[in-house]
Amino acid sequence: MTEIRTPRLLLRRWSEDDLVPLSEILADPEVMRWIGDGETLDLEETAETIERWEDEWDEEGFGIFAVELLASGELIGAVGLSMPWWLPEVLPAAEITWRLGRSYWGQGYGSEAAHATLEFALQERGLDRVVAVNRAGNDESENVIRKLGMAAEKDINHPETHALLNLHGIDLTEYEG
């Protein structure tokens, strides 16, 4: 089982106990406003999301981690890598993505987990390139992306929602953590 420990966090695969706390996070309109079409997810949709993430672990050897606080064991969100099949022009790069419960914003958890995920991508999975895609105007995610050392590459429109997206990338052979 793949686990990563940072000073404050445990990144790990998903368990049945994660369904309810993640569904509470993904039911928050503020958390979801920048993700996809901005729609919140219910318990069943959250279960399907976790199942998709776990399938990607099995298929790709990487995926979205459950993120918990080491001090309390509390699930605070999801951070990890996925294949952006919806954006074929960036393939074969993996996409780094995150979503944290609102009460955990602004405390550096997203950056801490994202840095650990980039190190995992380079050192454990040997990936050459990772991209980040965020909706224009999402300054909080843009801040995490800058801290990762990712360079802005271009603006694109989401193929389904047509929202303006900012594409960033990093060549992991130059990543310095």
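Preceding this section is the structure that the text describes.
Residues numbered from 1 in each chain as written. Predicted model: local features only at pLDDT ≥ 70, side-chain atom pairs only at ≥ 80, totals over all residues. Heavy atoms only, no water.

Caption draft 1: Highlighting the overall build of the protein. Counting secondary structure elements, the protein contains five helices and eight strands. For 177 residues, the compact-globule estimate of 2.2 N^0.38 gives 16 Å, and the protein sits close to it at 15 Å. Dimensions of the protein, computed from C-alpha atoms along their principal axes, come out at roughly 40 × 35 × 30 Å. Relative to its 177 residues, the protein shows a buried fraction of 53%. A separation threshold of at least 6 residues defines the contact pool for the protein, and within that pool the share at least 24 residues apart is 61%. In the structure as shown, the protein presents an accessible area of about 8,900 Å², 46% of it carried by carbon and sulfur atoms. Charge separation in the protein, taken as the distance between the mean sites of 14 positive and 37 negative side-chain charges, equals 5 Å. (Helix = DSSP H or I, 4+ residues; strand = E, 2+ residues; numbered from the N terminus. Rg over C-alpha atoms; globule rule 2.2 N^0.38 Å. Buried < 20%, exposed > 50% of the residue type's maximum accessible area, 1.4 Å probe, protein only. Contact = heavy atoms within 4.5 Å. Areas by Shrake-Rupley, 256 points an atom, 1.4 Å probe, with all protein chains shown as cover. Lys, Arg positive; Asp, Glu negative; His and termini not counted. Charge placed at Lys NZ, Arg CZ, Asp CG, Glu CD.)

Caption draft 2: A look at helix H1 (residues 19-26). Along H1, the positions that sit buried rather than exposed are Leu22, Ser23, Ile25 and Leu26. Taken around the axis of H1, the buried residues stretch over an arc of 155°, which confines them to a single face. (Arc of directions from axis to C-beta.)

Caption draft 3: View of the sheet that holds strand S6 (residues 129-135). Strands sit in the order S1-S2-S3-S4-S5-S6-S8-S7 across an open sheet of eight strands; the sheet is mixed. Taken across any chain shown, the strands that pair with only one partner, and hence form the sheet edges, are strand S1 (3-5) and strand S7 (151-157). The sheet shows a mean angle of 25° between the axes of neighbouring strands, direction not considered. By the bridge criterion, six bridges tie S7 to strand S8 (residues 164-171) in an arrangement that is antiparallel. Within S8, the residue paired with Ala151 across the bridge is Gly169. Running at roughly 85° to strand S4 (residues 75-82), H1 makes contact with S4 and strand S5 (94-100) of the sheet. Contacting S5, S6 and S8, helix H5 (residues 139-147) runs over the sheet at an angle of about 160° to S6. (Pairing = 2+ DSSP bridges. Axes fitted to C-alpha atoms, helices over the stretch in contact; angles between N-to-C directions.)

Caption draft 4: Spotlight on the packing of H1 against helix H3 (residues 43-60). Axis separation between H1 and H3 bottoms out at 9 Å; the angle between their running directions is 110°. By the angle class used here, H1 and H3 are roughly perpendicular. On H3, the residues touching Leu19, Val20, Leu22, Ser23 and Leu26 of H1 are Leu43, Thr46, Ala47, Ile50 and Trp53. Its residues assigned to classes, the contact of H1 with H3 comprises eight nonpolar, two polar and no charged. (Parallel < 35°, antiparallel > 145°, perpendicular 65-115°, else oblique. Nonpolar A, V, L, I, M, F, W, Y, C, P; charged D, E, K, R; others polar.)

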